[in-house]
Amino acid sequence: MATGRTDPQRRERILAATLDHIAEEGVAGVSHRKIAVRADVPLGSMTYHFTGIDDLLREAFTRFADHIVAVFELHLGRAGSPEEAREAVTDLIHVLSEGPRRDLVLTQELYTLAARRDEYRELTHAWMNRSRRLLEQHFDPDTARQLDALIEGTSLHRSLDTEPQDRALTRQAVGRMTSGG
């Protein structure tokens, strides 16, 4: 194990190890000891960097939310017209649902935690607001809210379905939602 002075990335490794652990074993399996072993840091580093498990989970899930928002930014930032924005949403749905299973598991773990505990609901609310602001660069606020739900729901369904959804069907759903009618 590295010492603190020669290990400036220790905190980041702990957060990464926490997300990896949650993806493999769930939030219920998180403990200081397990994360320290996974991150290859002394156990004392856990309480040095984080005030407790909730602090660790909030920071790890915030990091994950930042990652997903960056995916939104990447796709939506390239759109210059309404048609390109609709195609970007279609791409986003397919990228999220066909991406790493780890991201799906982390999303669901966070949603489950947020359904039980207000402080995590605040984190998911902030995440949704960021996603919606990106969508609002191309769509009105009500449509952006509906698209955000479509992205989440369709990504979840596509990732769990035994047969992948045809891209044309996704494009059709996005088109219907954004047609203004």
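Everything discussed here concerns the structure shown above.
Fair warning: this is a prediction, and the values are worked out from it, not measured in the lab. (Residues numbered from 1 in each chain as written. Predicted model: local features only at pLDDT ≥ 70, side-chain atom pairs only at ≥ 80, totals over all residues. Heavy atoms only, no water.)

### A closer look at the packing of helix H1 (residues 10-25) against helix H2 (residues 32-39)
Where we set the bar: Between the N-to-C directions of two axes lies an angle of 0 to 180 degrees, each axis being a line fitted to C-alpha atoms and, for a helix, fitted only over the stretch in contact. Helix and strand assignments follow DSSP, with helices taken as H or I runs no shorter than four residues and strands as E runs no shorter than two, numbered in order from the N terminus. Angles below 35 degrees are treated as roughly parallel, those above 145 as roughly antiparallel, those between 65 and 115 as roughly perpendicular, and all remaining angles as oblique. By definition, any crossing whose near helix is turned counterclockwise from its far helix by less than a right angle is left-handed, and any crossing with a clockwise turn is right-handed. Residues are treated as being in contact if the distance between any of their heavy atoms lies within 4.5 Å. Residues are sorted three ways: Asp, Glu, Lys and Arg are charged, Ala, Val, Leu, Ile, Met, Phe, Trp, Tyr, Cys and Pro are nonpolar, and all the rest, Gly among them, are polar.
Close contact between H1 and H2 brings their axes to 9 Å; oriented N to C, the two are set at 115 degrees. Our classification of the angle between H1 and H2 gives roughly perpendicular. Considering how the two elements wind past one another, H1 and H2 form a crossing that is right-handed. Across from Arg13, Ile14, Ala17, Thr18, Asp20, His21, Glu24 and Glu25 in H1, the residues of H2 making contact are Lys34, Ile35, Arg38 and Ala39. Each residue belonging to the contact of H1 with H2 can be placed in one class, and the counts come to four nonpolar, two polar and six charged.

### Examining H2
What counts here: Exposure is judged per residue with a 1.4 Å probe applied to protein chains only, and the accessible area is read against the type maximum: over 50% gives exposed, under 20% gives buried, and values in between give partly exposed. As used here, the arc is the angular range of directions from the helix axis to the C-beta atoms.
Here H2 has its buried residues at Ile35, Ala36 and Ala39. Buried residues of H2, viewed axially, fall in a sector of 100 degrees; they line one side. For H2, exposure combined with an orientation more than 90 degrees from the buried face picks out Arg33 and Val37. Its buried side turned inward, H2 meets H1, helix H3 (44-49) and helix H4 (53-76).

### Observations regarding the side chain of Ser97
Mapped onto the elements, Ser97 comes out in helix H5 (residues 82-98). By relative accessible area, which is 10% here, Ser97 ends up buried. Aside from chain neighbours lying at most four places away, what touches Ser97 is Ser155, Arg158 and Ser159.

### Structural notes on the pattern of salt bridges
Put simply, the rule reads: Whenever Lys or Arg places a side-chain nitrogen within 4 Å of a carboxyl oxygen from Asp or Glu, that contact is recorded as a salt bridge.
A complete count under the given rule lists 14 salt bridges for this structure. A salt bridge links Asp66 to Arg130, with the shortest nitrogen-to-oxygen separation between them at 2.6 Å. Here Asp66 is found in helix H4, whereas its partner Arg130 is found in helix H7 (residues 118-135), with 64 residues between them in sequence. Judged by its relative accessible area of 34%, Asp66 falls in the partly exposed class. Accessibility expressed as a relative area gives 36% for Arg130, which makes it partly exposed. Through salt bridges that share partners, Glu87, Asp91, Arg167 and Arg171 make up one connected network.

### A word on the packing of aromatic side chains
Put simply, the rule reads: Aromatic contacts are taken between Phe, Tyr and Trp rings whose centres are within 6.5 Å, Trp giving its six-membered ring; a plane angle under 30 degrees counts as stacked, one over 60 as edge-to-face, and the others as tilted.
Counted according to the given criterion, the structure contains two aromatic pairs. Taken together, a centroid distance of 5.9 Å and an interplanar angle of 85 degrees make the contact between Phe64 and Trp127 edge-to-face. Here the residue Phe64 occupies a position in helix H4, and Trp127 occupies one in helix H7, the gap between them amounting to 63 residues. Both rings, one in Tyr111 and one in Trp127, keep their centres 6.0 Å apart while their planes meet at 35 degrees; by these two values the pair is tilted. Of this pair, Tyr111 sits in helix H6 (residues 101-116) while Trp127 sits in helix H7; the two residues are 16 residues apart in sequence, bridging distant segments of the chain. Taking the relative accessible area as the measure of exposure, Tyr111 reaches 26% and is therefore partly exposed.

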